[in-house]
Amino acid sequence: MIDQAATDFEAVHGARPTGVWAAPGRVNLIGEHTDYNDGFVLPIALPHATKVAARRREDGRVRVYSAQGDGTITDLALDGLAPGVVTSWAAYPAGVFWALADAGHAIGGADLYVDSDVPTGAGLSSSAALECATAAALNDLYGLGLTAPEIALVAQRAENAFVGVPCGVMDQMASACCTEGAALFLDTRTMEQRHVPLDLEAAGLRLLVIDTRVKHDLGDGAYAALRAGCERAADLLGLEALRDLPAADLDAALERLPEELAPLVRHVVTENQRVVETIEHLDAGRTAALGPVLTAGHASLRDDFRVSCPETDLAVEAAVAAGALGARMTGGGFGGSVIALVETADVEAVAEAVRSAFATAGFAAPVAFTAVPSAGARRLA
Ligand code: GLA
């Protein structure tokens, strides 16, 4: 596969690449819509990744080609890059060149060949994977010496300021920093991270990922509106961020908030608690105890934060009814994917139950696969 990327690079760009890099998509176990509230998240990297084969150019051109694209090379001048200039998929890699240059790093142009098996629009962070793989490639090609969290921050800046999506830092940190066999416990305020071992197989469990095929799009304004709502609530409560509201003060705080903001705050505060609870279970080896925490997280996303949709709700319901220990929507919402914690013997039955519930409801067939905690951004060759 690595050789394939190098060969394909050569076919498109006319020479061998200097190297091949990869960065994964992610699912978040718990801690949704907490990252832009300075809270906690707990993602794992997926085995699915975006590969970038790359070579420096000395003429300041940025030439990017995607195996999933329209068969043409997007050819840009590095010094002509600015927010709003690139509107296709190429905005993600171009944004990384821009963010690095804008931060004062001495980079030049490059040829890129991109190939990804991270489903797009599925809430699995295909954009973070593309950004982080590009940043990892440029980091090595130009000897920038960036650490994995620094790569994540550059990638996030590309997405916020160049692509124009006001996302938090979770997806990029997951893609850049995750390790095989562990979930990443991240405090998004301090950026302190801990790799929490997660051996599902040893616990007799599997994590089933169900892509509902309802395309989610964080760029359409709903995500920005939720983020703004959370920030306004923190403001009204006199807090730097919702992270600073202790659970013991939640009820009193809710009384002081306008009706439309109170449920957002309740979600964020209880969701941070659910992350802490999950970590306690994992540290104590109680992997199966995660199930009810996941399901409670979904109820909160559905009823308080209101980012679920009929398809994600049905996937959760059908999975739990078929014996999943717990299930929830993962990622930004408005579609995307659901994760379910399932006993190994029940994986097929749960997946089948979801497929059949979707068929009955007249929804498009979902795509289900199991995932193990995989490695973050890395050089492959
Ligand atoms: C998207 C964003 C993340 C995070 C999640 C919700 O994936 O990119 O920063 O806010 O939504 O938890």
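These numbers come from a predicted model, not from an experiment. (Residues numbered from 1 in each chain as written. Predicted model: local features only at pLDDT ≥ 70, side-chain atom pairs only at ≥ 80, totals over all residues. Heavy atoms only, no water.)

### A short note on the overall build of the chain
And then number 1: Counting its secondary structure elements, the chain contains 11 helices and 13 strands.
And then number 2: Against the globule reference of 21 Å for 381 residues, the chain gives a C-alpha radius of gyration of 21 Å, in line with a compact fold.
And then number 3: Each of the three principal axes of the chain carries a C-alpha extent, and together these read 60 × 50 × 40 Å.
And then number 4: Here the chain holds 381 residues, and the buried ones make up 56% of them.
And then number 5: Here the analysis covers contacts within the chain between residues at least 6 apart in sequence; of these, 72% occur between residues at least 24 apart.
And then number 6: Carbon and sulfur atoms form 50% of the exposed surface of the chain, whose accessible area is close to 14,400 Å².
And then number 7: Computed over 27 positive and 50 negative side-chain charges, the inter-centroid distance for the chain is 3 Å. (Helix = DSSP H or I, 4+ residues; strand = E, 2+ residues; numbered from the N terminus. Rg over C-alpha atoms; globule rule 2.2 N^0.38 Å. Buried < 20%, exposed > 50% of the residue type's maximum accessible area, 1.4 Å probe, protein only. Contact = heavy atoms within 4.5 Å. Areas by Shrake-Rupley, 256 points an atom, 1.4 Å probe, with all protein chains shown as cover. Lys, Arg positive; Asp, Glu negative; His and termini not counted. Charge placed at Lys NZ, Arg CZ, Asp CG, Glu CD.)

### Let's talk about the domain arrangement of the chain
And then number 1: Each domain of the chain was delimited in the assignment, giving domain 1 (2-196) and domain 2 (199-371).
And then number 2: Its C-alpha centre places domain 1 at a distance of 25 Å from the equivalent point of domain 2.
And then number 3: Across the boundary between the two partners, domain 1 contributes 36 residues, which contact 46 residues of domain 2.
And then number 4: Taken over both partners, the interface formed by domain 1 and domain 2 buries close to 3,300 Å², and the fraction arising from carbon and sulfur atoms is 63%.
And then number 5: If you sort the residues of domain 1 by the area they bury against domain 2, I30, H33 and Y36 come out on top, with a joint share of 20%.
And then number 6: At the junction of domain 1 with domain 2, the criterion picks out 5 salt bridges.
And then number 7: The salt bridge involving R328 is made with E32; its shortest N-O contact spans 2.5 Å. (Domains from an automatic or database assignment. Buried area = accessible area lost by both parts, 1.4 Å probe. Salt bridge = Lys/Arg side-chain N within 4 Å of Asp/Glu carboxyl O.)

### Focus: the side chain of S125
And then number 1: Counting through the fold element by element, S125 comes out in the loop between β6 (109-116) and α3 (126-141).
And then number 2: Using a relative accessible area of 8% as the deciding quantity, one classes S125 as buried.
And then number 3: Contacts of S125, omitting those with residues within four sequence positions, involve G25, R26, V118 and D171.

### Let's talk about the packing of α3 against helix α4 (residues 148-163)
And then number 1: At their nearest, the axes of α3 and α4 sit 9 Å apart, and the two run at 125 degrees to each other. By the angle between their directions, the pair α3 and α4 is classed as oblique. Note that α3 runs across α4; the crossing there is right-handed. Contacts from S127, E131, C132, A135, A136 and N139 of α3 reach α4 at I151, A155 and E159.
And then number 2: By residue class, the composition of the contact of α3 with α4 is 5 nonpolar, 2 polar and 2 charged. (Axes fitted to C-alpha atoms, helices over the stretch in contact; angles between N-to-C directions. Parallel < 35°, antiparallel > 145°, perpendicular 65-115°, else oblique. Left-handed = near helix turned anticlockwise from the far one by under 90°. Nonpolar A, V, L, I, M, F, W, Y, C, P; charged D, E, K, R; others polar.)

### Things to note about the environment of L200
And then number 1: If you trace the backbone, L200 turns up in the loop between β8 (193-197) and β9 (205-211).
And then number 2: A relative accessible area of 6% places L200 in the buried class.
And then number 3: Each C-alpha atom, one on L200 and one on F9, is 37 Å from the other, the two residues being 191 residues apart in sequence.
And then number 4: When neighbours within four sequence positions are excluded, L200 is seen to be in contact with L205, R206, L207, T287, L341 and A371.

### With respect to the nonpolar core
And then number 1: Core analysis: the largest hydrophobic core is formed by 50 residues, its most contacted members being L81, V86, F97, L100 and L138.
And then number 2: Counting residues per element, this core draws most heavily on α3, which supplies 8 residues.
And then number 3: What F97 contacts, discounting residues up to four positions off in sequence, is V62, L78, L81, I107, G108, G109, A110, L112, T134 and L138.
And then number 4: Within the second largest apolar cluster, 28 residues are counted, among which are V27, L29, I44 and L341. (Core = buried A, V, L, I, M, F, W, Y, C linked by side-chain atoms within 4.5 Å.)

### Describing the pattern of salt bridges
And then number 1: Using the criterion set out here, one finds 24 salt bridges in the structure.
And then number 2: The salt bridge involving R57 is made with D59; its shortest N-O contact spans 2.7 Å.
And then number 3: A residue is classified by how much of its surface remains accessible, and D59, at 44% relative accessible area, is partly exposed.
And then number 4: When salt bridges with common partners are traced through the structure, they connect R55, R57, D59, R61, R63, D75 and D111 into a single cluster.

### Looking at the environment of A152
And then number 1: As for its placement among the helices and strands, A152 is situated in helix α4.
And then number 2: Separated by 132 residues in sequence, A152 and A284 place their C-alpha atoms 30 Å apart.

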